[in-house]
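# Remarks on the overall topology
Here's the letter readout for the chains.
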Amino acid sequence: MKRFSLASAALLAGLVLPAVADAHTFGAHDAGFAHGFLHPAGGWDHLLAMVAVGLWAAQRGGAALWALPAAFVTAMIGGGLLGMSGIALPAVELGIAGSVIALGVLVAAQSRLSLPLSMALVALFAVFHGHAHGAEMPEAAQPLLYGLGFVLATALLHGAGVAAALSLRGAAGAALALRGLGAAIGLGGVALAALA
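Just so you know, the residues in each chain are numbered from 1, in the order the chain's sequence is written. The model is predicted, so local features are restricted to residues of pLDDT at least 70 and side-chain atom pairs to those at 80 or more, both for listing and for counting; the totals for chains, interfaces and linings are taken over all residues. Heavy atoms throughout the structure, all of them, feed into the side-chain values; hydrogens and water do not.

Attention now goes to the overall build of the protein chain. We count a stretch as a helix when DSSP gives it H or I for four or more residues in a row; a strand needs E for two or more, and each element gets its number in order from the N terminus. In terms of regular secondary structure, the protein chain is built from eight helices and zero strands. Listing every helix and strand of the protein chain by position from the N terminus yields α-α-α-α-α-α-α-α. By residue count, 48% of the 196 residues in the protein chain fall in the buried class. Shrake-Rupley sampling with a 1.4 Å probe provides the accessible areas, and residues are treated as covered by the protein chains on show and by no other component. By element, 75% of the accessible surface of the protein chain is carried by carbon and sulfur atoms, the whole surface being about 8,500 Å². Type-normalised accessible area, obtained with a 1.4 Å probe on protein chains alone, sets the label of each residue: buried when under 20%, exposed when over 50%, and partly exposed for intermediate values.

A separate point is the packing of aromatic side chains. Each Phe, Tyr or Trp ring, with Trp reduced to its six-membered ring, pairs with another whose centre is within 6.5 Å; inter-plane angles below 30 degrees give stacked pairs, above 60 give edge-to-face pairs, and intermediate values give tilted ones. Within this structure, the stated rule accounts for two aromatic pairs. Seen in terms of ring centroids, tyrosine 146 and phenylalanine 150 are 6.0 Å apart; in terms of plane orientation they differ by 75 degrees. Their pairing is edge-to-face. Here tyrosine 146 and its partner phenylalanine 150 are both found in helix α7 (residues 143-168), four residues apart, which amounts to about one turn of the helix. Exposure remark for phenylalanine 150: the relative accessible area of 3% places this residue in the buried category. A ring is scored as having a charge over it whenever the NZ atom of a lysine or the CZ atom of an arginine sits within 6 Å of its centre and within 35 degrees of its normal. Sitting above the plane of the tryptophan 56 ring, arginine 60 keeps its charged end 5.7 Å from the centroid.

Here helix α4 (residues 64-84) crosses α7 at 155 degrees, and the two axes come no closer than 10 Å. One way to sum up the angle between α4 and α7 is to call them roughly antiparallel. Where α4 crosses over α7, the handedness of that crossing is right-handed. Of the residues in α7, those in contact with Leu65, Pro69, Phe72, Val73, Met76, Ile77 and Met84 of α4 are Pro143, Phe150, Val151, Thr154, His158 and Val162. Gly is put with the polar residues, along with every residue not named as nonpolar or charged; the nonpolar set is Ala, Val, Leu, Ile, Met, Phe, Trp, Tyr, Cys and Pro, and the charged set is Asp, Glu, Lys and Arg. Across the contact of α4 with α7, the residue classes tally to 11 nonpolar, two polar and no charged. Axis definition: a line fitted to C-alpha atoms, over the contacting stretch in the case of helices. Angles run 0 to 180 degrees between N-to-C directions. The labels follow the angle: roughly parallel below 35 degrees, roughly antiparallel above 145, roughly perpendicular from 65 to 115, and oblique for the rest. In a left-handed crossing the near helix is turned counterclockwise from the far helix by less than a right angle, and in a right-handed crossing that turn is clockwise. Contact criterion: two residues are considered in contact whenever any of their non-hydrogen atoms come within 4.5 Å of each other.

Looking now at the side chain of arginine 60. Along the chain, arginine 60 turns up in helix α3 (residues 44-60). In this charge count, Lys and Arg are treated as positive and Asp and Glu as negative; neither His nor the chain ends contribute. Salt bridges are counted wherever a side-chain nitrogen of Lys or Arg sits within 4 Å of a carboxyl oxygen of Asp or Glu. Aspartate 45 provides the closest opposite charge to the buried, salt-bridge-free arginine 60, at an N-O distance of 24 Å. Beyond its immediate sequence surroundings of up to four residues, arginine 60 is in contact with Leu68, Ser111, Arg112, Leu113, Ser114, Leu115 and Ser118.

Turning our eyes to something else, we now look at a nonpolar patch on the surface. Among the surface-exposed residues, Phe33, Leu144, Leu145, Leu148, Leu152 and Leu156 lie close enough to one another that they form a single nonpolar patch of about 550 Å² accessible area. In terms of residues, the nonpolar patch owes the most to one element, α7, which gives five residues. Among the secondary structure elements, leucine 156 is positioned in helix α7. Each patch is built from salt-bridge-free residues with over 30% relative accessible area, joining like charges within 9 Å and nonpolar side chains (Val, Leu, Ile, Met, Phe, Trp, Tyr) within 5 Å.

All right, on to the nonpolar core then. Only buried residues count toward a nonpolar core. Its members are Ala, Val, Leu, Ile, Met, Phe, Trp, Tyr and Cys residues joined through side-chain atoms within 4.5 Å. Counting 37 residues, the largest nonpolar core has Leu55, Trp56, Leu68, Phe72, Leu103, Val122 and Leu178 as the members making the most contacts within it. Residue assignment for this core shows that the elements contributing at least two residues are α3, α4, α5 (92-108), α6 (115-136), α7 and α8 (174-195). For this core, the element with the most residues is α3, which contributes 11 residues. Non-local contacts of phenylalanine 72, meaning those with residues more than four positions away in its chain, are made with Met50, Val53, Val122, Phe125, Ala126, His129, Thr154 and His158.

This brings us to unusual backbone geometry. In this model, alanine 91 sits at a positive phi of 50 degrees, which is unusual for a non-glycine residue. Among the structural elements, alanine 91 can be located in the loop between α4 and α5. Unlike most non-glycine residues, glutamine 110 shows phi in positive territory, near 50 degrees. By secondary structure assignment, the location of glutamine 110 is in the loop between α5 and α6. Since its relative accessible area comes to 31%, glutamine 110 is described here as partly exposed.

Structure (structure tokens):
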């Protein structure tokens, strides 16, 4: 329970920071691997969604443990290519905020959707996140390195969510703690949607 309290406090503190809105405002001039790597962690929208994918994957267990993060990363690369190509998607920021809400709700509800449907949902959300990243890639001095950076950071954030969920296993109130984290993420998504 102590781990839950610390994680919840950190998450909730972050939700009230004034720069909570998004990670897509700094531009990517002269950006390379380091900028791409820091990009997903630079905005709460990406951070919360990517950690939530890891939480949900671990909560479900089995094949979902690797399949959900893999679906997200793969579809995010596709979305990144769309953004890099200048192909517009409607309401990208609302789609990203909506993904945070939905992923939070899925964790809070301990959703057991079928694995193919879960992967499809995660992939749909990832397209919006990838598009936001990809739209900045043409500005980057090193677009390939920038892209590799944000892909690696995304995978690590998924891993952080998985690790957080697995660290709670066996602890008293672990399921409730995980559901509480999901609810906090969903509320964070509501805040993001209001600011989008």
